[in-house]
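Summary of the model geometry
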Amino acid sequence: MPVDPLAIAILLGGFAALVLLRIPVALALALAAIAEAIYLGIPLTTVGQRMVAGLDTFALLAIPFFILGGEIMGAGGISRRLIALAGLLVGWVRGGLGMVNIGASTFFGALSGSSVADVSAIGSVTIPMMKKRGYDTDYAVAVTVSGATQAVMIPPSHNLIIYSMAAGGVSIGALFTAGILPGILLGAALMVMAYVLAVRRGYPKEELVPLKDVPKIVADGLLSLLMPVIILGGILSGVFTATESAAIACLYAFVLTFFVYRDLPIKAMVPILQSALRTLGVVLFIIAAAGAFGYFLAFLQVPALATDALLGISDNIVVLLLLVNLLLLVLGAIMDMAPLIVIMTPILLPVATGIGMDPVQFGIMLVFNLAIGLITPPVGNVLFVGCAIGRTSIEKVIRTVGLFLVPMLIVLLLITYVPFFSLALPDALGQ
């Protein structure tokens, strides 16, 4: 069909206007799709059918299991044990609590797959601890929120599953393994910045852990970290699918929390299930609404138009990827991650593949870009949670957060321009 500028304006402009009016993103997507159907004379039943079709994917069943498993692990004493394990590894360095914070976020991210869950579970313990030990509040919050962004990179990230669906079925196993090296690289880069700031501000070293406590700390920490091993090991070995691995990992989290550690009574499952259901409802509604929205994007040839527009600016791969990154960084600062993944993937993936980028590498680049948006205002959900835990304002911590953005942007450029960081592990494991 010929390009209809008014139809595109109704779809994209209507969505933007609704978001600016503070309508929830999922509802804005659905309403924009309905308005487009009315304008084009398409039956409204088509919108409903496309929303249902957006959820009619077996792999999406992994998301509720990963969310529930993360909620169970977060509600128990897992965060305390992971902090102790991280302290054993890096706590003895000057400003060690900051590095412990980042290390614990790396470990917890491999359990929850959620940055908000990460900053809530780790930050509620480490931020008060750091303030008590003489660390400035802005530093404690900045370390916590920047470290929490690792959770969306390291499996089991449900955002990578959403990308897989939006990209037309890119291997979840490949995406999970592709996120490991960038996630570790990010953690290391953040630790370097944490150490530099700790030295400049004169923060203390922590006492060495008594030798007699080491075996228990290691055992408790490794028991928790078996969950990502189960997920990745099962998928990579072909024993079970991503969905089946999520169910098994969820069961493992339940047994570990309630019958091994026994930090919670069994009745605590009620609020855990309620919290998981609330999170799942939001995620699935966004995916469903974005399915209808994406249908009209394709119908109006928006992805092809976007590809032509970007290629018309420059045919230089370096410049094009830089433009894509800038666009995603801006959008990530003003919108939530999940809807952006669903909306932008069909628009930008053809651009990336058109210049020779692997869909797996693009997925890691996309998700990492939007992870940075989690700690940048005005949306910055993770930043808001961290400030709430630290009982401070965004204005007081944003400058220090900006310092931690420097290593994050360096890692982003490495992921963008050096395929090795995203593709080495999937290639080595035959994914």
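Structural notes, computed from the coordinates. Since this is a predicted model, take the numbers as computed values, not measurements.

Glancing now at the layout of surface pockets. Gaps left between atoms show up when a probe the size of a water molecule is rolled over them. Looking at the largest pocket, its volume works out to about 760 Å³. Lining the largest pocket are 27 residues, and of these Phe 15, Ala 16, Leu 331, Ile 334 and Met 335 lie nearest its centre. Mapped by element, the contributors of at least two residues to the lining of the largest pocket are helix H1 (5-20), helix H14 (302-313), helix H15 (317-334) and helix H16 (337-354). Approximately 580 Å³ is the volume found for the second largest pocket. In this structure, the second largest pocket is lined by 23 residues; those nearest its centre are Ser 114, Val 116, His 158, Thr 279 and Val 283.

Scanning all chains against the criterion turns up two salt bridges. Here Asp 136 ties to Arg 201 by a salt bridge, and the two come within 3.4 Å at their closest N and O atoms. Of this pair, Asp 136 sits in the loop between helix H7 (115-132) and helix H8 (137-148) while Arg 201 sits in helix H10 (residues 172-201), and the two are 65 residues apart along the sequence. Arg 201 is the partner of Asp 138 in a salt bridge, and the nearest nitrogen-oxygen pair spans 3.2 Å. Residue Asp 138 is located in helix H8, and its partner Arg 201 is located in helix H10; the two are separated by 63 residues in the primary sequence. Taking the relative accessible area as the measure of exposure, Asp 138 reaches 16% and is therefore buried. The exposure class assigned to Arg 201 is partly exposed, which follows from its relative accessible area of 30%.

Locating Gly 373 in the fold gives a position in helix H17 (residues 359-373). By relative accessible area, which is 4% here, Gly 373 ends up buried. Non-local contacts of Gly 373, meaning those with residues more than four positions away in its chain, are made with Gly 332, Ala 333 and Gly 380.

Turning next to the side chain of Thr 376. Examined against the element boundaries, Thr 376 turns out to sit in the loop between H17 and helix H18 (381-390). At a separation of 3.3 Å, a polar atom in the side chain of Thr 376 contacts the main-chain carbonyl oxygen of Gly 373. With near-sequence residues (within four places) excluded, Thr 376 lies in contact with Ala 333 and Leu 405.

Another point: empty space enclosed by the protein. What the rule picks out here adds up to one cavity of 30 Å³ or more. Estimated volume of the largest cavity: approximately 40 Å³. In terms of lining residues, the largest cavity is bounded by 11 residues, among which Gly 332, Met 335, Asp 336, Met 337 and Leu 374 are the most central. Those elements that provide at least two residues to the lining of the largest cavity are H16 and H17. Residue composition of the lining of the largest cavity, by class: six nonpolar, four polar and one charged.

Let us look at the nonpolar core. One finds Tyr 139 and Phe 362 to be the most contacted residues of the largest nonpolar core, which totals 153 residues. With 14 residues, the single largest contributor to this core is helix H13 (residues 269-299). In this view, Phe 362 contacts Tyr 163, Val 324, Leu 348, Leu 349, Ala 352 and Met 357; residues no more than four positions away in its chain are not counted.

Together, Leu 223, Leu 226, Val 229, Leu 251, Val 255, Phe 259, Val 260 and Ile 266 make up an exposed nonpolar region whose accessible area comes to about 690 Å². Mapped onto the nonpolar patch, the elements with two or more residues apiece are helix H11 (214-237) and helix H12 (242-261). Of the residues forming the nonpolar patch, the biggest block, four residues, is contributed by H12. On the secondary structure map, Phe 259 appears in helix H12. The class for Phe 259 is exposed, based on a relative accessible area of 52%.

Below, the discussion takes up H13. Taking 1.5 Å per residue as the helical rise, H13 with its 31 residues ought to reach 45 Å, and the 44 Å between its terminal C-alpha atoms agrees with that figure. Two residues or fewer past H13, Gln 301 is found with a positive phi of approximately 60°.

On to the packing of aromatic side chains. Counted by the stated rule, this structure contains 12 aromatic pairs. Summarising the aromatic geometry, the rings of Tyr 135 and Tyr 203 are spaced 4.5 Å apart at their centres and angled 35° between planes, so their arrangement reads as tilted. Separated by 68 residues along the polypeptide, Tyr 135 in the loop between H7 and H8 and Tyr 203 in the loop between H10 and H11 bring together distant segments of the chain. Classification of Tyr 203 by relative accessible area gives buried; the value is 3%. A network of ring pairs unites the aromatic residues Tyr 135, Tyr 139, Tyr 203 and Phe 404 as a single cluster.

Right, let's get into the side chain of His 158. Structurally, the position occupied by His 158 is in helix H9 (residues 158-166). Contact partners of His 158, with chain neighbours within four places excluded, come to Ile 63, Ile 67 and Gly 113.

One can describe the packing of helix H3 (residues 44-55) onto H13 by two numbers: an axis separation of 7 Å at closest approach and a directional angle of 125°. As far as their axial angle goes, H13 and H3 are oblique. The crossing of H3 and H13 is right-handed. The segment H3 lies against H13, with Thr 46, Val 47, Arg 50, Met 51, Gly 54 and Leu 55 engaging Leu 284, Phe 285, Ile 287, Ala 288, Ala 289, Gly 291, Ala 292, Tyr 295 and Phe 296. By residue class, the composition of the contact of H3 with H13 is 11 nonpolar, three polar and one charged.

Moving on, we come to the environment of Glu 244. Summarising the element assignment, Glu 244 is placed in helix H12. Overall, Glu 244 belongs to the partly exposed group, its relative accessible area being 37%. Separated by 13 residues in sequence, Glu 244 and Ile 231 place their C-alpha atoms 8.8 Å apart.

Each full turn of the α-helix corresponds to 3.6 residues, which orients residues three or four apart in the same direction. Of the residues making up helix H20 (residues 420-428), those classed as buried are Phe 421, Ser 422, Leu 423 and Pro 426. Residues of H20 that are buried sit in contact with H10, H17 and helix H19 (394-417). Immediately downstream of H20, the backbone of Gly 430 shows phi near 70°, a positive value.

About the criteria used
Residues numbered from 1 in each chain as written. Predicted model: local features only at pLDDT ≥ 70, side-chain atom pairs only at ≥ 80, totals over all residues. Heavy atoms only, no water. 1 Å grid on protein atoms, 1.4 Å probe; cavity = no way out; pocket = protein on both sides within 12 Å on 5 of 7 lines; lining within 4 Å. Points joined across faces, edges and corners; volume = space filled by probe spheres on them. Helix = DSSP H or I, 4+ residues; strand = E, 2+ residues; numbered from the N terminus. Salt bridge = Lys/Arg side-chain N within 4 Å of Asp/Glu carboxyl O. Buried < 20%, exposed > 50% of the residue type's maximum accessible area, 1.4 Å probe, protein only. Contact = heavy atoms within 4.5 Å. Polar contact = N/O pair within 3.5 Å; in protein donor to acceptor, adjacent residues only side chain to side chain. Nonpolar A, V, L, I, M, F, W, Y, C, P; charged D, E, K, R; others polar. Core = buried A, V, L, I, M, F, W, Y, C linked by side-chain atoms within 4.5 Å. Patch = residues over 30% accessible without salt bridge, like charges linked within 9 Å, V, L, I, M, F, W, Y side chains within 5 Å. Areas by Shrake-Rupley, 256 points an atom, 1.4 Å probe, with all protein chains shown as cover. Expected span 1.5 Å × (residues − 1). Phe/Tyr/Trp six-rings, centres within 6.5 Å; stacked < 30°, edge-to-face > 60°. Axes fitted to C-alpha atoms, helices over the stretch in contact; angles between N-to-C directions. Parallel < 35°, antiparallel > 145°, perpendicular 65-115°, else oblique. Left-handed = near helix turned anticlockwise from the far one by under 90°.

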